Structure formats: C-alpha cells, structure tokens
Amino acid sequence: MSMNIAVKICGLTQASDVQAAARAGAVYGGFVFFEKSPRHLTLDRAAVLAAEAPLGLAKVALTVNAEDAFLDALVSQVPLDMLQLHGRESPARVAEVKARYGLPVMKAVGVADEGDLPALESYFKVADQILVDAKPPKGAALPGGNGLAFDWRLIAGRRWPVPWMLAGGLTPDNVAQAVAMTGARQVDVSSGVESAPGVKDDALIAAFVTAAQDKIPTL
C-alpha cells in the first residue's frame, strides 16, 4: 500500500542534493539560513540552487528570528515558494511576515511534552502550515536539525485545522513507524539523510522517501 505522504528534505547545500531530492519524489526542498548550522547558505549560493531546482520541488527557506532587512533581501534574491520560521517568532510576527511577503508561512513549534501542545494552537490562525518538531535540548546551538525525536504518542490521532508536518529525528528506518503512529501526511528530514553534518547522501534521501510512502508497518 503506497501512501501519499509529502516529504521535505531540508538543509540542501549542493546542486546534487536538490536533484537527488527531486528525483526521489520529495515535494519540498529546504534551504537553511542560520549561520550556526552546518547547512547554512549565503543568499548568493541559495539563489543559484533555487534557480536550478526542478519544477515541482517547492523551495522553502528556513530562517530563525530573522529581521525584515534580511527577509527583504532573501525574498528579493532567492526564488522561493514558502518561508519557514524556526525561531521564537510570535503569532503576531508570523502574521506580519505572511502579510509583508505574500508567501505561505510554515511555523516550527518544538514539542517535548504535553505542555508544549497548546503553543501549536496559537499559530493555527496565522500560519499556513505547522512544523511539529522535537524541542532542542537546553543550550543547543541549533533550533532544529539535531537528530532528536519526541514521543510521537503525544500527537497520535490529533486533528488540526491547518496542514502540519512531522520533524525531529526521522530516518529511513523509523519514518514509516512515525507516520503510522501520528497520522502525519507530511514529514521533514535533515540530519537523518546525511553521511556527516551538512553532507546529504543520495541513497539515504531515496530510501527515506520510499520508506515514508511505502508499506506502513503494523505496530
């Protein structure tokens, strides 16, 4: 049984990564603009990668607490389909970004326990999509891409009014189980398809997409 699960491969840094993601059947390709990340891109580099992206691969820019000046430059220089806000942006800031740039906005919300779930609801009216990610450990340098999962049972069977995407510690080995447990129709991966931090592996990308969309195991 093949399922229509949309996959996002995040942290693409090479033209070959972009091609591999598209070839594997990913729906979204993510570009990271966060200097502490091993996947960080300059605007010039991202503009080249985005311009060369195959048709059908939605180009998503991940930013963290970015100011308007940076977002203005980003949107004017890089052809994008969506903005992903991965910092501490408030619902008001999400609405502001959406209105200013006219692009769909995905808001990442970190989850570690049940107490984090109400925060998701505050973004339903302002974000086009929600990325449900594992909350980074205290003191972590990166807001995402840490290869950590959260307890998927926390969100099992929940229904939300906007499309949402599951992230955090997903790999080709566990993505089918994650989909089965949570009912996610979209999944996001970065470190789980890398051979080293920031180095994507074509075979792992292909394996991840296949596993996400293929037979769902019985638990």
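Everything below is about the structure shown above.
Residues numbered from 1 in each chain as written. Predicted model: local features only at pLDDT ≥ 70, side-chain atom pairs only at ≥ 80, totals over all residues. Heavy atoms only, no water.

## With respect to the overall build of the chain
Per the secondary structure count, the chain includes 7 helices and 10 strands. Relative to its length of 219 residues, the chain is compact, with a C-alpha radius of gyration of 16 Å against a globular reference of 17 Å. When its C-alpha atoms are laid out on the principal axes, the chain stretches across 50 × 40 × 30 Å. Each of the 219 residues in the chain was classed as buried or not, and the buried ones make up 52%. When contacts within the chain are restricted to residue pairs at least 6 apart in sequence, those whose partners lie at least 24 apart make up 59%. Of the roughly 9,700 Å² of accessible surface on the chain, a fraction of 53% belongs to carbon and sulfur atoms. Charge separation in the chain, taken as the distance between the mean sites of 20 positive and 23 negative side-chain charges, equals 4 Å. (Helix = DSSP H or I, 4+ residues; strand = E, 2+ residues; numbered from the N terminus. Rg over C-alpha atoms; globule rule 2.2 N^0.38 Å. Buried < 20%, exposed > 50% of the residue type's maximum accessible area, 1.4 Å probe, protein only. Contact = heavy atoms within 4.5 Å. Areas by Shrake-Rupley, 256 points an atom, 1.4 Å probe, with all protein chains shown as cover. Lys, Arg positive; Asp, Glu negative; His and termini not counted. Charge placed at Lys NZ, Arg CZ, Asp CG, Glu CD.)

## Structural notes on helix 2 (residues 43-52)
Residues of helix 2 that are buried: Leu43, Ala46, Ala47, Leu49 and Ala50. At its buried positions, helix 2 is contacted by helix 1 (15-24), strand 2 (28-33), strand 3 (58-63) and helix 3 (68-77).

## Description of the pattern of salt bridges
Side-chain pairs of opposite charge can arise where the charged atoms are in close proximity. Considering all chains together, one arrives at 14 salt bridges under this definition. As a salt-bridge pair, Asp116 and Lys135 come within 2.7 Å of each other at their nearest N and O atoms. Taken together, the residues span a long stretch of sequence, with Asp116 in the loop between strand 5 (105-111) and helix 5 (117-121) and Lys135 in the loop between strand 6 (129-134) and strand 7 (164-166) at a distance of 19 residues. By relative accessible area, which is 40% here, Lys135 ends up partly exposed. Residue Arg153 pairs with Asp151 through a salt bridge whose shortest N-O separation is 2.9 Å. Accessibility expressed as a relative area gives 32% for Asp151, which makes it partly exposed. (Salt bridge = Lys/Arg side-chain N within 4 Å of Asp/Glu carboxyl O.)

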